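Okay, here's what each chain looks like letter by letter:
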Amino acid sequence: MYDFTPPSAADKAECYAQLAEATAALVDGEPDAVANMANIAALIWQFVPDLNWAGFYRTIGEELVLGPFIGKPACIRIPFGRGVCGAAAVTAATQRVEDVHAFPGHIACDAASRSELVVPVLRDGRVIAVIDLDSPLPARFDAQDAAGIEALAALIAAHI
Ligand code: SME
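The structure reproduced in this document is the subject of the present report. Small disclaimer: the values here were computed from a predicted structure and weren't measured.

Some words on the pattern of salt bridges
- Here the structure, examined in full by the defined rule, presents five salt bridges.
- A salt bridge links Asp 145 to Lys 12; the shortest N-O distance between them is 2.7 Å. In this pair, Asp 145 is assigned in helix α4 (residues 143-156) and Lys 12 in helix α1 (residues 12-27), connecting sequence segments 133 residues apart.
- Residue Asp 145 is classed as buried on the basis of its relative accessible area, which comes to 0%.
- Each of Lys 12, Arg 140, Asp 142 and Asp 145 takes part in salt bridges that share partners, so that together they form one network.

Structure (structure tokens):
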């Protein structure tokens, strides 16, 4: 059994430091990408408060395909350039969206979502996946959240 206890949500830096530590421990020595993405999605869900969706889309050809996640069933295929995830994939840059209704082309998978953070996972300079977090709270994600998930993306790039 793995029993990770997240610290108080008030201390965001500590939350992301411990999320990284727990992730490193879980993926260590495990070569299966699906198992690792499933556990990482579960850890994000446990350590990052106020989410309604957390998970992965993987680059397959010229589109993103749904990977392991926690939340409501989501759209399966997203072409590069479409929605927030597609923008992250095509630009290889983090997308932090304070109001999803104001983002042109946002793809609504859960009507409850109000804000979104999508971070590309890069391996050898190529976007191999994106980490997608949705929140029912407007402007839920700040620069510290982006930095925390970017650090996580760098940590897992060789394990997914
Ligand atoms: N909102 C995303 C689609 C994926 S779901 O949020 C899980 C987008 O616009 O790319």
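The rest of the description comes next.
Re the packing of α1 against α4
- Contact pair α1 / α4: the axes reach a minimum separation of 10 Å and the direction vectors enclose 15 degrees. Comparing their axes, α4 and α1 come out roughly parallel. For the element pair α1 and α4, the recorded crossing hand is right-handed. Where α1 approaches α4, its residues Lys 12, Ala 13, Tyr 16, Leu 19, Ala 20, Thr 23 and Ala 24 are matched on the opposing element by Gln 144, Asp 145, Gly 148, Ile 149, Leu 152, Leu 155 and Ile 156.
- Residues that form the contact of α1 with α4 fall into these classes: nine nonpolar, three polar and two charged.

Structural notes on the packing of aromatic side chains
- For the structure on display, the rule yields two aromatic pairs.
- The interplanar angle of 20 degrees and the centroid separation of 5.9 Å between the aromatic rings of Trp 53 and Tyr 57 together place this pair among those described as stacked.
- Overall, the relative accessible area of 3% leaves Trp 53 in the buried class.
- Seen from their ring centres, Trp 53 and Phe 69 are 4.9 Å apart, and the 15 degrees between their planes marks the pair as stacked. With Trp 53 in strand β1 (residues 53-60) and Phe 69 in strand β2 (residues 63-71), this residue pair connects regions lying 16 residues apart in the sequence.
- Owing to a relative accessible area of 27%, Phe 69 belongs among the partly exposed residues under this scheme.
- Linked through ring pairs, Trp 53, Tyr 57 and Phe 69 together constitute an aromatic cluster.

Comments concerning the nonpolar core
- Core analysis: the biggest nonpolar cluster contains 29 residues, and Leu 19, Ile 44, Val 121, Ile 131, Leu 133, Ile 149 and Ile 160 have the highest contact counts within it.
- When residues of this core are traced back to their parent elements, those giving at least two are α1, α2 (33-47), β1, β5 (115-123), β6 (126-135) and α4.
- Membership of the second largest hydrophobic core comes to 17 residues, among which are Leu 64, Ala 74, Cys 85 and Phe 103.

What counts, and where the lines are drawn
Residue indices begin from 1 for each chain and proceed along its sequence in written order. Reporting in this predicted model follows two pLDDT cut-offs: at least 70 for local features of residues, and 80 or more for side-chain atom pairs to be given and counted; totals over whole chains, interfaces and linings ignore these cut-offs and use all residues. Values reported for side chains reflect all heavy atoms of the structure, with hydrogen atoms and water molecules removed beforehand. Any carboxyl oxygen of Asp or Glu within 4 Å of a side-chain nitrogen of Lys or Arg constitutes a salt bridge here. Working definition: helices are DSSP H or I runs of at least four residues, strands are E runs of at least two. Numbering for both runs from the N terminus. Each residue's exposure class comes from its accessible area (1.4 Å probe, protein chains only) as a fraction of the maximum for that residue type: buried when under 20%, exposed when over 50%, partly exposed otherwise. Only the contacting stretch of a helix is used when fitting its axis, a line to C-alpha atoms as for every element, and angles between N-to-C directions run 0 to 180 degrees. Relative orientations are named as follows: roughly parallel for angles under 35 degrees, roughly antiparallel for angles over 145 degrees, roughly perpendicular for angles from 65 to 115 degrees, and oblique for any other angle. In this scheme the handedness of a crossing depends on how the near helix is turned from the far one: anticlockwise by less than a right angle means left-handed, clockwise means right-handed. Contacts: residue pairs with any heavy atoms within 4.5 Å of one another. Residue polarity follows a fixed list, in which Ala, Val, Leu, Ile, Met, Phe, Trp, Tyr, Cys and Pro are nonpolar, Asp, Glu, Lys and Arg are charged, and the others, Gly among them, are polar. When the centres of two rings from Phe, Tyr and Trp lie within 6.5 Å, Trp using its six-membered ring, the rings pair. Their planes under 30 degrees apart give stacked, over 60 give edge-to-face, and anything left gives tilted. We call a set of buried Ala, Val, Leu, Ile, Met, Phe, Trp, Tyr and Cys residues a nonpolar core when their side-chain atoms join them within 4.5 Å.

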